[in-house]
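Structure at a glance
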Amino acid sequence: MLLMNPGPVTLTERVRNSLLQTDLCHRESEFFDLQDETRARLVKLYDLDPAQWSAVLMTGSGTAAVESMIAALVPEDGKLLIVENGVYGERITQIATQYRIAHSIVKHEWMQAPDLSRIAAALDADTSITHVAVIHHETTTGRLNDLKALAEVCRARNVEMLVDGVSSFGAEEIDFAEGTIAAVAATANKCLHGVPGAAFVIVRRDALASAASRTYYLGLARLASLQDQRNTPFTPSVHAYYALVEALRELDDEGGWKTRHGRYAALAEQARAGLAARGIDSVLPPQECSVVLRAYRLPKGIAYEQLHDALKARGFVIYAGQGGLSKELFRISTMGAIHAPDIERLLASFDELMR
Ligand SMILES: *Cc1c(COP(=O)(O)O)cnc(C)c1O
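Residues numbered from 1 in each chain as written. Predicted model: local features only at pLDDT ≥ 70, side-chain atom pairs only at ≥ 80, totals over all residues. Heavy atoms only, no water.

By the naming in an unreviewed UniProt entry, the chain is 2-aminoethylphosphonate aminotransferase, taken from Paraburkholderia phymatum.

Some details on unusual backbone geometry
P8 follows G7 through a cis peptide bond whose omega is -5°. Along the chain, P8 turns up in the loop between β1 (2-3) and α1 (13-18). The backbone of N158 shows a phi angle near 60°, a positive value even though the residue is not glycine. Structurally, N158 can be placed in the loop between α6 (147-156) and β8 (160-164). The exposed category is assigned to N158, whose relative accessible area is 72%. Here the phi dihedral of R230 falls at roughly 50°; this positive angle occurs in a residue that is not glycine. One can find R230 in the loop between α8 (220-228) and α9 (238-254). The exposure class of R230 is partly exposed, given its relative accessible area of 33%. (Helix = DSSP H or I, 4+ residues; strand = E, 2+ residues; numbered from the N terminus. Buried < 20%, exposed > 50% of the residue type's maximum accessible area, 1.4 Å probe, protein only.)

A look at the packing of aromatic side chains
For the structure on display, the rule yields eleven aromatic pairs. Look at F31 and F32: their rings are 5.5 Å apart centre to centre, the planes differ by 70°, and that puts the pair in the edge-to-face class. Pair check on accessibility: F31 and F32 agree, each one buried. Judged by centre distance (4.9 Å) and plane angle (45°), the ring pair of Y46 and F169 falls under tilted. (Phe/Tyr/Trp six-rings, centres within 6.5 Å; stacked < 30°, edge-to-face > 60°.)

A look at the nonpolar core
Ranked by size, the top nonpolar core spans 62 residues in total, and within it L42, F169, F176, L192 and I202 carry the most contacts. Among the elements that make up this core, the one with the highest residue count is α9 (ten residues). Shared between two domains, this core holds at least three residues of each, these being domain 1 (13-254) and domain 2 (257-354). The residues contacting F169, other than those within four sequence positions of it, are L42, L45, Y46, I174, F176, V184, A186, C191, L192, F200 and I202. By size, the runner-up hydrophobic cluster in this structure holds 43 residues, among which are M69, V74, I92 and A182. (Core = buried A, V, L, I, M, F, W, Y, C linked by side-chain atoms within 4.5 Å. Domains from an automatic or database assignment. Contact = heavy atoms within 4.5 Å.)

Structure follows, in structure tokens:
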């Protein structure tokens, strides 16, 4: 079965086999070697300086990393502006609400790009705002939100960005050097090709210095300081770490995130062009989309469940639209061990079932 849902991904044999390594106690030096290598590789992936940036690991799915980042990095006397244009932006609002973090929202329709003039106006109208939270790749629609343009708006107003990069880290450009990004939250089992159970926040060390402590298990500053001392507060998902470090070695061997970006871009275009030739249009213009996942309009007269079940019978798991979009669209991700012949077979399956 090939997984074309947005994580967990189809594993490579190399990563799958890494799960079969020796049993490991998380209080032994072998585990801390694993933890050190994983953290070092995560920082190196985007050529970051480990003196300035820390990769903080935690056990959980991508949402754990987003929650840890939001709960820690908006200071007690800070205020968060949340850019919403899909399910995951709305999730950050739920997190901020639950932790009683002062926040306001710039809400958009799910199909819309962030409106920079509205965001700038919201920041100008409320100078108590210290941070902007944004989703890099809004997996709801496949839209890649323009971090660079948003960073300019934020930098001009001395506001820092907290980025949900869960479905972009490892395959899309992230400009850490620009200076406005304080942290990016992500996970092992999307563009990095690991298994679920390990998540992480890439955070500027000076932002950790003023971090709040609102959560016990996901406390980012505590996790960071213990990991710096080759320690861990709790039992981590050891096997997920085995897979993550192997996936990072494999990514490095393949040429890093830029190579992965190129590979995804080719697969996404192959799928887009092939579906367009069969009368199935992508929902957003390709230049506004990530290379990771695209949303497509359901063919006329075919319900999602029909399409899903027919493709599953042929070995492909696709993904539904969320909320109100479930009747209109389906999504195809090209993360994981997916190659051009797989997309060819997927397109041939569409031919069979549209006949
Ligand atoms: C997948 C995803 C998440 C996290 O989902 P989990 O199910 O917790 O892994 C968060 N944000 C975005 C943009 C995602 O695509």
